[in-house]
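The chain contents come next:
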Amino acid sequence: MNWFRRFMMGRYGVDQLSFAMLLLSMALMMFTRGRLWPLAILGAALLGLAYFRMLSRNISARAQENGRFLRGWYRVKTAWNGFVDRATDKNHRYYRCPGCRQRLRVPRGRGRIVITCPKCRREFEKKT
Ligand SMILES: [Zn+2]
């Protein structure tokens, strides 16, 4: 393994972005059949790109890419978690204020109520 350590010296190595690319490329190459073959090509290209990033000597550029990826991933993850929380919340209903798009949570089962947006004071009627 010494030769490998020497080979990897000064190179970027694996990060979360490369790992995600490897997983995605494997999935694309393993599960695309028949007319979906262009996806398998895309998977192979992604694999090549992942290797390129791991062996790259431009460490700061690769670290920046990974940072962008992690920030985007975090946004997707929190948006998804919020969606799951709202979908499984049986005690409240969620609306968006028609004035300012603020998300509002109101208790369920109160019939028709007038909701006052706490942000812009706009009032609107909804069934809960
Ligand atoms: Zn509002």
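The model shown is predicted, which means the values in this text are computed figures rather than measured ones.

### Points about the overall build of the chain
Working step 1: Within the chain one finds 4 helices and 4 strands.
Working step 2: What you see for the chain is a C-alpha radius of gyration of 24 Å, clearly larger than the 14 Å of a compact globule of 128 residues, by over 25%.
Working step 3: If you line up the chain on its principal axes, its C-alpha atoms span 70 × 40 × 25 Å.
Working step 4: For the chain, buried positions account for 24% of its 128 residues.
Working step 5: Taking as baseline every contact in the chain between residues at least 6 positions apart, the subset at least 24 positions apart corresponds to 39%.
Working step 6: Approximately 9,800 Å² of the chain is accessible, and the part contributed by carbon and sulfur atoms is 60%.
Working step 7: Where the 27 positive side-chain charges of the chain centre and where its 6 negative ones centre are 7 Å apart.

### Digging into the packing of aromatic side chains
Given two aromatic rings, their pairing is described by the distance between the two centres and the angle made by the two planes.
Working step 1: A complete count under the given rule lists 3 aromatic pairs for this structure.
Working step 2: Each ring, one from Trp 3 and one from Phe 4, has its centre 5.7 Å from the other, and the planes form 80°; the classification is edge-to-face.
Working step 3: What makes Trp 3 exposed here is its relative accessible area of 59%.
Working step 4: Above the face of the Phe 7 ring, Arg 11 is positioned so that its terminal group lies 4.4 Å from the ring centre.

### Description of the pairing of strand 1 (residues 92-96)
Working step 1: Two elements, strand 1 and strand 2 (residues 103-107), share 5 bridges in a ladder whose sense is antiparallel. Note that in strand 2 the partner of Arg 96 across the bridge is Arg 103.
Working step 2: Two successive antiparallel strands, strand 1 and strand 2, enclose a turn made up of 6 residues, where Arg 101 displays a positive phi of approximately 65°.

### What to know about the side chain of Asp 89
Working step 1: Residue position: Asp 89 is located in the loop between helix 4 (59-88) and strand 1.
Working step 2: Although Asp 89 lies buried, it forms no salt bridge, and the closest oppositely charged side chain, Arg 105, sits 4.8 Å away as judged by the N-O distance.
Working step 3: Of the polar contacts made by the side chain of Asp 89, one reaches the side chain of Tyr 94; its length is 2.7 Å.
Working step 4: Sequence-distant contacts of Asp 89, defined by excluding residues within four places in its chain, comprise Tyr 94, Arg 105 and Arg 108.

### Details of the coordination of the zinc ion
Working step 1: Around the zinc ion, the protein supplies Cys 97 (SG), Cys 100 (SG), Cys 117 (SG) and Cys 120 (SG) as donor atoms, at distances of 2.3 Å.
Working step 2: Here the donor residues of the zinc ion share one chain and are spaced in sequence as C-x2-C-x16-C-x2-C.
Working step 3: Among the residues examined, Cys 100 registers a relative accessible area of 24% and is labelled partly exposed.

### Quick notes on helix 3 (residues 37-55)
Working step 1: In a regular helix each residue adds 1.5 Å, so 19 residues correspond to 27 Å; helix 3 covers 28 Å between its end C-alpha atoms and thus fits that length.
Working step 2: Within helix 3, burial applies to Gly 43, Leu 46, Ala 50, Arg 53 and Met 54. Angularly, the buried residues of helix 3 cover 95° about the axis, an arc narrow enough to put them on a single face. Helix 3 presents Trp 37 and Ile 41 as exposed residues on the side facing more than 90 degrees away from its buried surface.
Working step 3: Where helix 3 is buried, its residues touch helix 1 (2-8), helix 2 (16-31) and helix 4.

### Overview of helix 2
Working step 1: Between the first and last C-alpha of helix 2 there are 22 Å, a value that for 16 residues agrees with the 22 Å anticipated at 1.5 Å per step.
Working step 2: Lining the buried residues of helix 2 we find helix 3 and helix 4.
Working step 3: Between a side-chain oxygen at the N-terminus of helix 2 and the backbone nitrogen of Leu 17 the separation is 3.2 Å; the capping residue is Asp 15.

What counts and how
- All residue numbers refer to position in the chain's written sequence, counted from 1.
- Only residues with pLDDT of 70 or above have their local features reported here, since the model is predicted, and side-chain atom pairs are shown and tallied only from 80 upward, although totals for entire chains, interfaces and linings are computed over all residues.
- Only heavy atoms go into the side-chain values, all of them from the structure, while hydrogens and water stay out.
- Helix and strand assignments come from DSSP, with helices taken as H or I runs of at least 4 residues and strands as E runs of at least 2, each series counted from the N terminus.
- The reference for a compact globule is 2.2 Å times residues^0.38; the radius of gyration itself is calculated from the C-alpha atoms.
- Burial status follows relative accessibility: with a 1.4 Å probe on protein chains alone, a residue under 20% of its type maximum counts as buried, one over 50% as exposed, and anything between as partly exposed.
- Contacts were defined at the residue level, with two residues in contact if any of their heavy atoms lie within 4.5 Å.
- Per-residue and other accessible areas were derived by the Shrake-Rupley procedure at a 1.4 Å probe size, with only the shown protein chains allowed to occlude residues.
- Charged-residue counts in this description rest on Lys and Arg as positive and Asp and Glu as negative, His and the chain ends being excluded.
- Charged groups are reduced to one reference atom each: NZ for lysine, CZ for arginine, CG for aspartic acid, CD for glutamic acid.
- Each pair of aromatic rings taken from Phe, Tyr and Trp, with Trp reduced to its six-membered ring, is defined by centres within 6.5 Å and is described as stacked if the planes are under 30 degrees apart, edge-to-face if over 60, and tilted in the remaining cases.
- Note on criteria: charge over ring means Lys NZ or Arg CZ within 6 Å of the ring centre, with the direction from the centre no more than 35 degrees off the ring normal.
- Pairing between two strands is assigned when DSSP locates at least 2 bridges connecting them.
- By definition, a salt bridge exists where a carboxyl oxygen of Asp or Glu is found within 4 Å of a side-chain nitrogen of Lys or Arg.
- Counting of polar contacts relies on pairs of N or O atoms within 3.5 Å, with two restrictions inside protein: one atom must be capable of donating a hydrogen and the other of accepting it, and residues adjacent in sequence are counted only when both atoms are side-chain atoms.
- Metal-coordinating donors are taken as N, O and S atoms lying within 2.8 Å of the metal, or within 3.2 Å when the metal is Na, K or Ca; because water is left out, some sites can appear incomplete.
- What a helix should span is 1.5 Å times the count of its residues minus one.
- Directions drawn from the helix axis to the C-beta atoms are what define this arc.

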